[in-house]
Structures are given as structure tokens and as C-alpha cells.
Amino acid sequence: MPGPTSPHLPAQTSRDVVVVKFGGHAMVDEELQRSFAQDVVELRRAGLRPVVVHGGGPQINAMLGRLGLRSRFESGLRVTTPETMEVVRMVLTGRVQRDLVGHINAHGPFAVGMTGEDAHTMTAVRRPAWVDGRPVDIGLVGDVVDVDPGMLRLLLEQGHIPVVSPVARGEDGQVYNVNADLAASALAVALGADRLVVLTDVEGLYANWPESTEVIERLTAEDLDGLLPGLASGMLPKMEGCLRAVRGGVRRAHVLDGRTPHAVLHGVLDGAGSGTTVVPDGGGAPGQDAPRPARSTRPSRTACRR
């Protein structure tokens, strides 16, 4: 499937950094928000340095509906008109980010909110969607082409937990809506993170959805590259983000079911989380577990969009 190439992003290895993308149903469930915030703080207390990138799809949809504006998606990406972009910025930074920062800071003065615009952290260019092999204009949707991780590194060195809204500026001064999965991937590469964790509303990547209810537990970048063109639109940006991450130097990328309380804690600290793990070609880091067969699970009807 045609599409933009992965951005060239400078990376410095930082193997205690974990970038977590928070989104889906967990964002509108108060208890799941609280358990996620607790997980992030526990990662910090365990000696890791988490960076959170959040979506806001349900909240953006609700606000657009109240304003009488239509929500439309192409290839899993929100079609973003100038009017929609105003709502996206308002909801992401004015509501979703503040709520998440508040939940994390209930455990201590850790979280600091920022956007990809701040300190030129993320620079984006306009991105088309691809439908049936042809580009489709989806408006002010950006693809990250450069990351300056300096502000993030400073916050991490000071013991903070950055909470990042996926909004970025272009060199033309235009503000772009960046898919949160792809923003998290770009930040993970630039930070040289050990892991990228993406929370979804399903158990993981299904082997042959909707015919199969098997979840692929582990696959290489090459395997995923071959599967990518056939993925459903909701899962496409998540798995594209995982692919970019491991090809950019991130050791592992996990797709976990965010509807499960403490999914991040179980998946990162004790390795007990379910879901799909993507590793670089060649099998990933030395000492990593051998591939395991897919497991049978119940299918989810939940849409998987940012």
C-alpha cells in the first residue's frame, strides 16, 4: 500500500524510556483512567522513564457532534478541516490532557502537559490517506518528519512524566492533527526508547479478522510489513506506528488491550500482559522469548480509532 515513508529521526539510545500511547475506551472510563495513571507512576517508581502520548477520539467526536460538525475517517485517520482542527486542539490540550495530567498528579507532582508544537518537539507535513491505491485528501492531518526531543529529555531528567498531545506544526506554520499512534512512534524513535506500548480496544492484532479470532502474539517487522496492506482501517495506524518504531531502533512494540485494568503495568513490568508484540527483523533483542502460537480469544466489536 502506498504511503509516506518513515521519518528520518535522530535517536539516542535510552533503554529506560517507555513511550505509551493512551487512547480508546480507557479514555472515557473513569476507573480505567485512574488505573492507567497509577500504572504510569508505578513504571516511574520502578526506575523506568515513561512518556505518555494521548489520543482523544471519543471526546473529539462528542464535541464535533455538539457543534454540528461531521466526523469522517479515511484509512483510520480523521479527515480534518480547519473547523475540525480548532476543535481537535481545544479538546486535546484543554480537556483530555488536563484530565490525564490530573489523574497522574494525584500520585505526586510528576506529570507535565505539552503538545508537539511546544519547543518545536514535532514537525509535520501534510499527509494523504490512500484508498484503493490512490491518495485521498484528508485535510490538516500531519505526518511527523522531524522530532527535537530536547524538551522531553529535560523533563525526563528532572523526574517528570511528559504527557504529550499529538498536535504539530509544519515549517509553513500550519498546525496539523497527528494520529496519536504515529506520534508516539516518532517520539519513541527519537528518544531511543526501549519500548513503545499502544493501548487499543481489542485484544491485539487478529490473525485473519473477521474470519479468525486468533491473536498474533509475536511477529517481526518483516511479517508485519506484509500484513499491513490488508489491515482494517482502525488498526492500520497502530500497526504502522509499531512497524516504524522497531525499524527505527525501538527494541519492542506492544499492542495491549486498554480495556483491561493495569494492562500497562502487567505488560511492561512483569510481561504478563496479553496482546501483540512486534520485534525487529532477526527476532529482536538477545534473550527474548521464542515465538509463541496464536491464542484463541473472543472478537471485539469496538472500533479502533484515535
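Quick caveat: nothing in here was measured; it's all calculated off a predicted structure.

### Brief notes about a negative patch on the surface
Among the surface-exposed residues, Asp146, Asp148, Glu171 and Asp172 lie close enough to one another that they form a single negatively charged patch. Following the sequence through the fold, Asp148 ends up in the loop between β9 (141-147) and α4 (150-157). Look at Asp148 and you get partly exposed, because its relative accessible area is 39%.

### Here's the deal with the packing of aromatic side chains
For the structure shown, the criterion picks out 1 aromatic pair. Considering the side-chain rings of Phe22 and Phe36, the 4.0 Å spacing of their centres and the 15° angle between planes classify their relative orientation as stacked. Within this pair, whereas Phe22 is found in strand β1 (residues 14-22), its partner Phe36 is found in helix α1 (residues 30-45), the two being separated by 14 residues in sequence. The exposure classification of Phe22 matches that of Phe36, with both residues buried.

### Let's talk about the pairing of β9
β9 sits mainly inside the fold: 5 of its 7 residues count as buried. Two strands pair when backbone bridges link them, and strand β6 (residues 122-126) and β9 are joined in this way by 5 bridges, in the antiparallel orientation. Across the sheet, the residue bridging to Arg126 is Gly142, located in β9. Across 2 bridges, the pairing between β9 and strand β12 (residues 175-178) is parallel. When the bridges of β12 are listed, Val141 appears paired with Asn177.

### Side note on the packing of helix α2 (residues 57-66) against helix α3 (residues 82-105)
Contact geometry of α2 with α3 gives a least axis separation of 10 Å together with a crossing angle of 125°. Comparing their axes, α3 and α2 come out oblique. Of the two possible hands of crossing, α2 and α3 adopt the one that is right-handed. Of the residues in α3, those in contact with Gln59, Ile60, Met63 and Leu64 of α2 are Thr84, Val87, Val88, Met90, Val91, Leu92, Arg95 and Val96. Across the contact of α2 with α3, the residue classes break down as 9 nonpolar, 2 polar and 1 charged.

### Description of the environment of Leu92
Its place among the elements puts Leu92 in helix α3. Judged by relative accessible area, which is 0%, Leu92 ranks as buried. Each C-alpha atom of the pair Leu92 and Pro166 lies 8.0 Å from the other, and the pair is 74 residues apart in sequence.

Each value, and the rule that gives it
Residues numbered from 1 in each chain as written. Predicted model: local features only at pLDDT ≥ 70, side-chain atom pairs only at ≥ 80, totals over all residues. Heavy atoms only, no water. Patch = residues over 30% accessible without salt bridge, like charges linked within 9 Å, V, L, I, M, F, W, Y side chains within 5 Å. Areas by Shrake-Rupley, 256 points an atom, 1.4 Å probe, with all protein chains shown as cover. Salt bridge = Lys/Arg side-chain N within 4 Å of Asp/Glu carboxyl O. Lys, Arg positive; Asp, Glu negative; His and termini not counted. Charge placed at Lys NZ, Arg CZ, Asp CG, Glu CD. Helix = DSSP H or I, 4+ residues; strand = E, 2+ residues; numbered from the N terminus. Buried < 20%, exposed > 50% of the residue type's maximum accessible area, 1.4 Å probe, protein only. Phe/Tyr/Trp six-rings, centres within 6.5 Å; stacked < 30°, edge-to-face > 60°. Pairing = 2+ DSSP bridges. Axes fitted to C-alpha atoms, helices over the stretch in contact; angles between N-to-C directions. Parallel < 35°, antiparallel > 145°, perpendicular 65-115°, else oblique. Left-handed = near helix turned anticlockwise from the far one by under 90°. Contact = heavy atoms within 4.5 Å. Nonpolar A, V, L, I, M, F, W, Y, C, P; charged D, E, K, R; others polar.

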